[in-house]
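Spelled out, the chains give:
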Amino acid sequence: MSDDNPHPSNGSSNKSILDKIVQVFTGEPKNKDQLVDVLNDAQERELIKPETKQMIEGVLEVADMRVRDIMIPRSQMITLDINQSLDEFLPIILESAHSRFPVVNDDIDHIEGILLAKDLLAYGFKEQTENITLANLIRPAIIIPESKKVEPLLKEFRSKRYHMAIVVDEYGGVSGLVTIEDILELIVGEIEDETDDELEEEIKRLAGNVYQVKALTDLADFDEYFNCEFDKEDADTIGGLVLHHFGHLPKKGEEIAIGNFTFKVTSADSRRILVLQVTIPKNHTITGKLAD
């Protein structure tokens, strides 16, 4: 009896969600906004976790994106020249800590192939490294247009088992590159690996009036801690503010003065600033507290 006639309140609750799901997947109209409403409702009812909802929304966003929307632009690409010797290109590999590198011939618009850093492991002995050339190590580069949709690209990454593609514009010039990690981060959020900086504190005093600050530190927290007031219309984080003033993605070691503060990039990759060294005026009084 109870199986045939469930409790009225439970039936009403379940029917509400089921009706919405049925309407989205089988009824009219079908659109993303309807699906997002169902997801929001499901999260509020604790049927799915916030992280699950975030991933589903990430999948929906990826479905509408094209490669040009997520690629690493050519100005930020770290490349190797096919004519470089091991002594010339090895420091670049070690400094960047990347696993794959486009190999060019004279300029970035002439891509010869892709070097996988792991392919160097086969040449572990010094006598074997003397005759290493990039021409003998590189693998074919996958070339895709800017207009290619991200969703089918992810499927190709998985089915054809490659992790990087070179992006070209309508004239055949290189406009950037995209990796499988770039797409996955749109869905699951930022992916950190063992080479990423792991700092327990957002702001840490190094010595005297010099501090180490995570680039993702909220600008309001930075202002509160250092008793200052930077323009929050330019950015939400201190890294974003510094990037705005540079006008380009700075490399490790680049410095810039903003007001009476000096910012030095101490860690960055091909996509973002990671850590800053901040020097404040010697007589400047700080609160040493983060905003609530």
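Scroll up a little and you will see the structure.
This write-up is about the structure you can find in this document. (Residues numbered from 1 in each chain as written. Predicted model: local features only at pLDDT ≥ 70, side-chain atom pairs only at ≥ 80, totals over all residues. Heavy atoms only, no water.)

### Comments concerning the packing of aromatic side chains
Scanning the model with the defined rule gives twelve aromatic pairs in all. With centroids separated by 5.6 Å and ring planes inclined at 80°, the aromatic side chains of Phe-230 and Phe-261 adopt a geometry described as edge-to-face. Of this pair, Phe-230 sits in the loop between helix H10 (219-226) and helix H11 (238-246) while Phe-261 sits in strand S11 (residues 261-268), and the two are 31 residues apart along the sequence. The class of Phe-230 is buried, set by a relative accessible area of 13%. The buried category is assigned to Phe-261, whose relative accessible area is 5%. Between the aromatic rings of Phe-261 and Phe-263, the centroid separation amounts to 6.4 Å while the plane-to-plane angle is 20°, which identifies the pairing as stacked. Judged by relative accessible area, which is 0%, Phe-263 ranks as buried. An aromatic cluster is defined as three or more aromatic residues linked by ring pairs; in this entry it consists of Tyr-211, Phe-222, Tyr-225, Phe-226, Phe-230, Phe-261 and Phe-263. (Phe/Tyr/Trp six-rings, centres within 6.5 Å; stacked < 30°, edge-to-face > 60°. Helix = DSSP H or I, 4+ residues; strand = E, 2+ residues; numbered from the N terminus. Buried < 20%, exposed > 50% of the residue type's maximum accessible area, 1.4 Å probe, protein only.)

### Here we look at the sheet that holds strand S2 (residues 80-81)
The sheet built from three strands is open, its strands ordered S2-S3-S4 with mixed pairing. Two strands lie at the open edges of the sheet, namely S2 and strand S4 (107-116), each paired on one side alone. In terms of strand pairing, S2 meets strand S3 (residues 100-105) through two bridges, oriented parallel. Counterpart to Leu-80 in the pairing with S3 is Val-103. (Pairing = 2+ DSSP bridges.)

### Regarding a nonpolar patch on the surface
A contiguous nonpolar surface patch, about 220 Å² in accessible area, is contributed by Met-55, Leu-184 and Val-188. Along the chain, Val-188 falls in helix H9 (residues 180-188). Overall, the relative accessible area of 45% leaves Val-188 in the partly exposed class. (Patch = residues over 30% accessible without salt bridge, like charges linked within 9 Å, V, L, I, M, F, W, Y side chains within 5 Å. Areas by Shrake-Rupley, 256 points an atom, 1.4 Å probe, with all protein chains shown as cover. Salt bridge = Lys/Arg side-chain N within 4 Å of Asp/Glu carboxyl O.)

### Considering the side chain of Asn-209
Structurally, Asn-209 is set in the loop between strand S8 (203-207) and strand S9 (210-214). Excluding anything up to four places from it in sequence, Asn-209 contacts Val-278, Thr-279, Ile-280, Pro-281 and Lys-282. (Contact = heavy atoms within 4.5 Å.)

### Details of the packing of helix H8 (residues 150-160) against H9
Relative to each other, H8 and H9 sit at 120°, their axes nearing to 10 Å. As far as their axial angle goes, H9 and H8 are oblique. For the element pair H8 and H9, the recorded crossing hand is left-handed. Between H8 and H9, the contacting residues are Val-150, Leu-153, Leu-154 and Phe-157 on the first element and Ile-180, Ile-183, Leu-184 and Ile-187 on the second. Its residues assigned to classes, the contact of H8 with H9 shows eight nonpolar, no polar and no charged. (Axes fitted to C-alpha atoms, helices over the stretch in contact; angles between N-to-C directions. Parallel < 35°, antiparallel > 145°, perpendicular 65-115°, else oblique. Left-handed = near helix turned anticlockwise from the far one by under 90°. Nonpolar A, V, L, I, M, F, W, Y, C, P; charged D, E, K, R; others polar.)

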